[in-house]
Amino acid sequence: GDSVTQMEGPVTLSEEAFLTINCTYTATGYPSLFWYVQYPGEGLQLLLKATKADDKGSNKGFEATYRKETTSFHLEKGSVQVSDSAVYFCALSGGNFNKFYFGSGTKLNVKP
Amino acid sequence: SQTIHQWPATLVQPVGSPLSLECTVEGTSNPNLYWYRQAAGRGLQLLFYSIGIGQISSEVPQNLSASRPQDRQFILSSKKLLLSDSGFYLCAWSSGTYNEQFFGPGTRLTVL
């Protein structure tokens, strides 16, 4: 079945460091891929998405490219800020009633 | 624009008591609706989803149930709460397939 695997956290970085959070997926069809961010005590917010192979989603300095050949959708940011501290979830939509499959989440801590 | 509401925001209930959490969506018609649970420090577990009024699919057998009495209303219920029902409950909606899900602010449930 469909599934998402993302790197374990927590990830601790200094401000202005480069961020990569790895995400790989397994899917039988042609899913859409998403990154969500969750701040403490809040719901999930859509960060970016990609709907087909080689698409690049981007938002607020974050980027992720839909790589079908490696079944990956890694999240990157060139220079993180303290305000980026949150939990990041990778997800795919398998198309079946638009059910989502989420990774386990990666907590990011950015130190000043 | 579309908005999603959940209430209550927080709830403390004794073991064995009933539960009713409500979710409503504004600004869209015939949305797909979802209930998730997030245990402390964990990922998201899909509990129920609905593609229309009265159409509920359960993902995990447990003592919870869901209902959709109106197009944009989704209710999560239990007759008797267990300690293991504690967690952060998130409602989400989407339209069509392969599209993003939009999340509500969540309900923090503590069962004592």
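For the structure itself, consult the block above.
Residues numbered from 1 in each chain as written. Chains lettered and ligands numbered in written order. Predicted model: local features only at pLDDT ≥ 70, side-chain atom pairs only at ≥ 80, totals over all residues. Heavy atoms only, no water.

Visitor: Please provide a residue-by-residue account of the overall build of chain A, values included.
Guide: Secondary structure assignment for chain A yields 0 helices and 12 strands. Element order for chain A, N to C, with α for helix and β for strand: β-β-β-β-β-β-β-β-β-β-β-β. For a compact globule of 112 residues, the expected C-alpha radius of gyration is about 13 Å, and chain A comes in at 13 Å, within 12% of that figure. Projected onto the principal axes, the alpha-carbon positions of chain A cover approximately 40 × 30 × 20 Å. Burial status across chain A gives 45% buried among its 112 residues. A fraction of 56% describes how many contacts in chain A between residues 6 or more apart in sequence connect residues 24 or more apart. For chain A, the accessible area works out to roughly 5,300 Å², and carbon and sulfur atoms hold 48% of it. In chain A, the 10 positive side-chain charges and the 11 negative ones have mean positions that sit 4 Å from each other. (Helix = DSSP H or I, 4+ residues; strand = E, 2+ residues; numbered from the N terminus. Rg over C-alpha atoms; globule rule 2.2 N^0.38 Å. Buried < 20%, exposed > 50% of the residue type's maximum accessible area, 1.4 Å probe, protein only. Contact = heavy atoms within 4.5 Å. Areas by Shrake-Rupley, 256 points an atom, 1.4 Å probe, with all protein chains shown as cover. Lys, Arg positive; Asp, Glu negative; His and termini not counted. Charge placed at Lys NZ, Arg CZ, Asp CG, Glu CD.)

Visitor: Residues and numbers for the sheet that holds strand β8 (residues 62-65) of chain A, please.
Guide: All names here are of chain A. Spatially, β3-β9-β8-β7 is the arrangement adopted by the 4 strands of the open sheet, whose pairing is antiparallel. At either end of the open sheet lies a strand with only one pairing partner, and these are β3 (19-21) and β7 (56-59). Ignoring which end each strand starts from, the neighbouring axes of this sheet average 15° apart. As paired elements, β7 and β8 share 4 bridges and run antiparallel to each other. By the bridge assignment, Ser-58 is partnered in β8 with Glu-63. (Pairing = 2+ DSSP bridges. Axes fitted to C-alpha atoms, helices over the stretch in contact; angles between N-to-C directions.)

Visitor: Tell me about the interface of chain A and chain B, residues and numbers included.
Guide: Buried accessible area, meaning the area lost when the parts come together, often serves as the stated size of an interface. Each partner contributes residues to the interface: chain A has 22 residues there, and chain B has 24 residues. Taking both partners together, chain A and chain B bury about 1,800 Å²; carbon and sulfur atoms supply 56% of that area. For the chain A face of the interface with chain B, the top three residues by lost area are Phe-97, Asn-98 and Lys-99 of chain A, together amounting to 30%. Between Glu-100 of chain B and Lys-49 of chain A there is a salt bridge whose closest N-O contact spans 2.7 Å. Across the chain A-chain B interface, the total number found is 8 residue pairs in polar contact (both at pLDDT 80 or more). Elements with a minimum of two residues in the side of chain A that touches chain B: β5 (32-38), β6 (44-50), β10 (86-93) and β11 (100-102) of chain A. Take the side of chain A that touches chain B: its biggest share by element is 4 residues, from β5 of chain A. Taken together, the residues of the side of chain A that touches chain B sort by class into 10 nonpolar, 9 polar and 3 charged. (Buried area = accessible area lost by both parts, 1.4 Å probe. Salt bridge = Lys/Arg side-chain N within 4 Å of Asp/Glu carboxyl O. Polar contact = N/O pair within 3.5 Å; in protein donor to acceptor, adjacent residues only side chain to side chain. Nonpolar A, V, L, I, M, F, W, Y, C, P; charged D, E, K, R; others polar.)

Visitor: Tell me about the side chain of Gln-6 of chain A, and name the residues and values.
Guide: All names here are of chain A. Its place among the elements puts Gln-6 in strand β1 (residues 3-6). A distance of 2.9 Å separates a polar atom in the side chain of Gln-6 from the backbone nitrogen of Cys-90. Separated by 3.3 Å, the side chain of Gln-6 and the backbone nitrogen of Gly-105 make a polar contact. Those residues in contact with Gln-6 that sit more than four places away from it in its chain are Ile-21, Asn-22, Cys-23, Trp-35, Tyr-88, Phe-89, Cys-90, Gly-103, Ser-104, Gly-105 and Thr-106.

Visitor: Explain the environment of Glu-100 of chain B residue by residue, including any values.
Guide: Its location among the elements puts Glu-100 of chain B in the loop between β9 (87-94) and β10 (102-103). Excluding residues that lie within four positions of it along the chain, Glu-100 of chain B makes contacts with Phe-34, Tyr-36, Leu-46, Lys-49, Asn-98 and Phe-100 of chain A together with Trp-93 and Ser-94 of chain B. A distance of 2.7 Å separates polar atoms of two side chains, one belonging to Glu-100 of chain B and the other to Lys-49 of chain A.

Visitor: Describe the packing of aromatic side chains, with residues and values.
Guide: Aromatic rings considered in pairs are described by the distance between their centres and by the relative angle of their planes. One pass over the full model with this rule turns up 15 aromatic pairs over all chains. For the ring pair Tyr-25 of chain A and Tyr-66 of chain A, a centre distance of 6.0 Å and an interplane angle of 80° mean the geometry is edge-to-face. Here Tyr-66 of chain A lies in the loop between β8 and β9 (75-77) and Tyr-25 of chain A lies in strand β4 (residues 23-26), a separation of 41 residues in the sequence. Of the residues examined, Tyr-25 of chain A reaches a relative accessible area of 7% and is grouped as buried. Ring centres 6.4 Å apart and planes at 90° place the aromatic pair Phe-89 of chain A and Phe-102 of chain A in the edge-to-face group. Of the two residues, Phe-89 of chain A sits in strand β10 while Phe-102 of chain A sits in strand β11, which places them 13 residues apart along the sequence. For Phe-89 of chain A, a relative accessible area of 1% corresponds to the buried category. With a relative accessible area of 13%, Phe-102 of chain A lands in the buried category. Feature note: the residues Phe-34, Tyr-36, Phe-89, Phe-100 and Phe-102 of chain A together with Tyr-34, Tyr-36 and Phe-103 of chain B constitute an aromatic cluster, connected by ring pairs. (Phe/Tyr/Trp six-rings, centres within 6.5 Å; stacked < 30°, edge-to-face > 60°.)

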